[in-house]
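Coordinates in review
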Amino acid sequence: MNLRELAAFLKTCRARVRPADVGLPAGTRRRVPGLRREEVAQLAGLSADYYTELERGRGAQPSAQTLAALARALRLAGDERDHLFHLAERPVPASHGTTTHVQTSMLAMLDRLATTPAMIITDLHATLVQNDLAAALIGRHPYRQGPKASYVYRWFTDPAARALYPPEEHPHHSRVFVSDLRAVAARRGRDPHVAQMVAALRRRSAEFAALWDAHDVALRRADHKRLVHPVLGIIEVDCHSLFSEDGRQRLLWFTAPPGSRGAAQLELLSVIGTQDMSPEGVHVSDPDVNTDASTRLT
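The structure displayed is predicted, hence computed values, not measured ones.

Our next topic: the sheet that holds strand β1 (residues 118–122). The antiparallel open sheet is built from 5 strands, whose spatial order is β2-β1-β5-β4-β3. The sheet is open, and its two borders are formed by β2 (127–130) and β3 (222–229), each paired with just one other strand. The average angle at which neighbouring strand axes cross in this sheet is 30°, direction not considered.

Next up, the structure:
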């Protein structure tokens, strides 16, 4: 691993990202032209000490997940992201999974939704990045790699993954997820990753197999959802989707009609965030910890 080149590249990229580009206030006492080290660390979900070590040309080889997070935080273009992986001597990720490069146009839109729960997912429903309000609403993604990175896979293989929705609505969501996956599979053609996922789900879930054999096809473009929040109870929201040009990424954001109970709950959510507000001590969201609250993703 070329630590010196990696450090220089990170420092150069950090210097050219303006705070406004990532939704941060510019402030009046900045001594650097771009982001501060601690701001990059925060955006990437890393400790400030660890990131500082990387910029100083020291420390352990960063994982693929860490590199992907840094590429998003620094708003790297595709070739720049690939160069970052090459410097760290990590394989450049394929076009699926949570290390997938997030398109800069999608990130720019996400930055402008700071007061709205929003997230970017792959077409296989693996969460790539989410803002703080989305984490407070539905939890942090508990899996960063493997089949379980896909919420659709977890929906049919892990009963705990369904806690986000009321039980009486589970059949509806099962149908929607399968019809969406069939549309994605058709668009991707002979994609081995999708074929493996479908084969695994057919083996593990009789419900999935029956729905898959029904051949219903429909991308999930918009939906009205009732989400089960551990503190605020049922929150009714409208979920909107914006698709990337190639269809492999989606920007999701959640709204509620002005004056509605859902709107009031979302406003309260922006106040309590991910704090522990329940009398039983249930955490609304604890990043990277696989609890009932933090495994709830859509």
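From this point on, the discussion continues.
This brings us to helix α5 (residues 78–87). An α-helical turn contains 3.6 residues, so a residue and the one three or four places further along point in the same direction. Three or more residues of α5 are buried, namely Arg81, Leu84, Phe85 and Leu87. On an axial view of α5, the arc spanned by its buried residues comes to 165°, and they lie on one face. When the buried face of α5 is taken as reference, the exposed residues oriented beyond 90 degrees from it are Asp79 and His86. Of the residues one or two after α5, Glu89 is the one with positive phi, at around 55°.

Our focus in this paragraph is the packing of aromatic side chains. Within this structure, the stated rule accounts for 6 aromatic pairs. Between the aromatic rings of Phe208 and Trp212, the centroid separation amounts to 5.6 Å while the plane-to-plane angle is 20°, which identifies the pairing as stacked. Here Trp212 and Phe208 lie together in helix α11 (residues 206–213), a separation of 4 residues that amounts to about one turn. Considered together, Phe208 and Trp212 belong to a single accessibility category, that of buried residues. Grouping aromatic residues by their ring pairs yields a cluster made of Tyr151, Trp155, Tyr165 and Phe177. Just above the ring of Phe156 sits the side chain of Arg162; from NZ or CZ to the centre is 5.6 Å. Arg221 extends its terminal NZ or CZ atom over the ring of Phe243, reaching a point 5.5 Å from the ring centre.

The subject of this paragraph is the pattern of salt bridges. Within the structure shown, the criterion is met by 18 salt bridges. Among the salt bridges present, the one from Glu53 reaches Arg58, with a minimum N-O distance of 3.2 Å. By relative accessible area, which is 42% here, Arg58 ends up partly exposed. Its salt-bridge partner being Arg220, residue Asp223 comes within 2.9 Å of it at the nearest N-O pair.

This part takes up the confidence of the model for the protein. On average, residues of the protein score 83 in pLDDT, and 86% of them reach the 70 mark or higher. Here helix α6 (residues 104–111) stands out as the element of the protein with the lowest mean pLDDT, 84, in contrast to α11, whose mean of 97 is the highest. The model gives residues 276–298 a pLDDT under 50, and that stretch makes 66 contacts with residues more than four places away or in other chains.

Definitions and limits used
- Residues numbered from 1 in each chain as written.
- Predicted model: local features only at pLDDT ≥ 70, side-chain atom pairs only at ≥ 80, totals over all residues.
- Heavy atoms only, no water.
- Pairing = 2+ DSSP bridges.
- Helix = DSSP H or I, 4+ residues; strand = E, 2+ residues; numbered from the N terminus.
- Axes fitted to C-alpha atoms, helices over the stretch in contact; angles between N-to-C directions.
- Buried < 20%, exposed > 50% of the residue type's maximum accessible area, 1.4 Å probe, protein only.
- Arc of directions from axis to C-beta.
- Phe/Tyr/Trp six-rings, centres within 6.5 Å; stacked < 30°, edge-to-face > 60°.
- Lys NZ or Arg CZ within 6 Å of the ring centre and 35° of its normal.
- Salt bridge = Lys/Arg side-chain N within 4 Å of Asp/Glu carboxyl O.
- pLDDT = per-residue confidence, 0-100.
- Contact = heavy atoms within 4.5 Å.

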